[in-house]
Amino acid sequence: MQNVGGIDRVLRVLVGIALAFVGPKTAWGYIGIVTLETGPFSFCPLYTLLGIKTCKQAE
């Protein structure tokens, strides 16, 4: 199941890397790790709870 699209994935990886390096062992570092993990898998649990999808759907 995918709910994260292409641009969203790239932004998640870039922001995740930036936050992980800016604030390791802080709340920002943990947020960076979560966004970094959700990008490559194209899945965000929060998007599922909110009913958001940024990926193209096959018809």
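Residues numbered from 1 in each chain as written. Predicted model: local features only at pLDDT ≥ 70, side-chain atom pairs only at ≥ 80, totals over all residues. Heavy atoms only, no water.

J.: Looking at this structure, how should I read the overall build of the protein chain?
T.: A count of helices and strands for the protein chain gives three helices and zero strands. Overall, the protein chain shows an N-to-C arrangement of helices and strands of α-α-α. In terms of principal-axis extent, the alpha carbons of the protein chain reach across some 40 × 20 × 10 Å. Taken across its 59 residues, the protein chain has 29% of its residues classed as buried. Summing over all exposed atoms, the protein chain offers an accessible surface of approximately 4500 Å²; the carbon and sulfur share of this is 71%. (Helix = DSSP H or I, 4+ residues; strand = E, 2+ residues; numbered from the N terminus. Buried < 20%, exposed > 50% of the residue type's maximum accessible area, 1.4 Å probe, protein only. Areas by Shrake-Rupley, 256 points an atom, 1.4 Å probe, with all protein chains shown as cover.)

J.: Help me understand the environment of Thr48 in this model?
T.: Mapped onto the elements of the fold, Thr48 is located in helix α3 (residues 45-50). For Thr48 and Val4, which are 44 residues apart along the polypeptide, the C-alpha to C-alpha distance reads 10.0 Å. Among all residues touching Thr48, those that are not within four sequence positions of it are Met1, Asn3 and Phe43. (Contact = heavy atoms within 4.5 Å.)

J.: What's the story with the side chain of Thr38 in this structure? I'm lost.
T.: Tracing the chain through its elements places Thr38 in helix α2 (residues 27-41). Taking the relative accessible area as the measure of exposure, Thr38 reaches 8% and is therefore buried. Separated by 3.1 Å, the side chain of Thr38 and the backbone oxygen of Thr35 make a polar contact. With residues near it in sequence (within four places) discarded, Thr38 still touches Arg12, Phe43, Cys44 and Pro45. (Polar contact = N/O pair within 3.5 Å; in protein donor to acceptor, adjacent residues only side chain to side chain.)

J.: So what exactly am I meant to see when it comes to the packing of aromatic side chains here?
T.: In this description, a pair of aromatic rings is defined by centroid distance and the angle of the planes. According to the stated counting rule, one finds zero aromatic pairs in the structure shown. Positioned over the ring face of Tyr47 is Arg12, at 4.8 Å from the centre of the ring. (Phe/Tyr/Trp six-rings, centres within 6.5 Å; stacked < 30°, edge-to-face > 60°. Lys NZ or Arg CZ within 6 Å of the ring centre and 35° of its normal.)

J.: Would you mind going over the pattern of salt bridges with me for this structure?
T.: Opposite charge on two side chains permits pairing when their charged atoms draw close. Following the criterion strictly, the structure yields one salt bridge and no others. The closest approach of N and O atoms between Asp8 and Arg12, which form a salt bridge, is 3.3 Å. In this pair, Asp8 and Arg12 both sit in helix α1 (residues 6-22), four residues apart, roughly one turn of the helix. Comparing Asp8 with Arg12 shows no difference in burial state: the two are buried. (Salt bridge = Lys/Arg side-chain N within 4 Å of Asp/Glu carboxyl O.)

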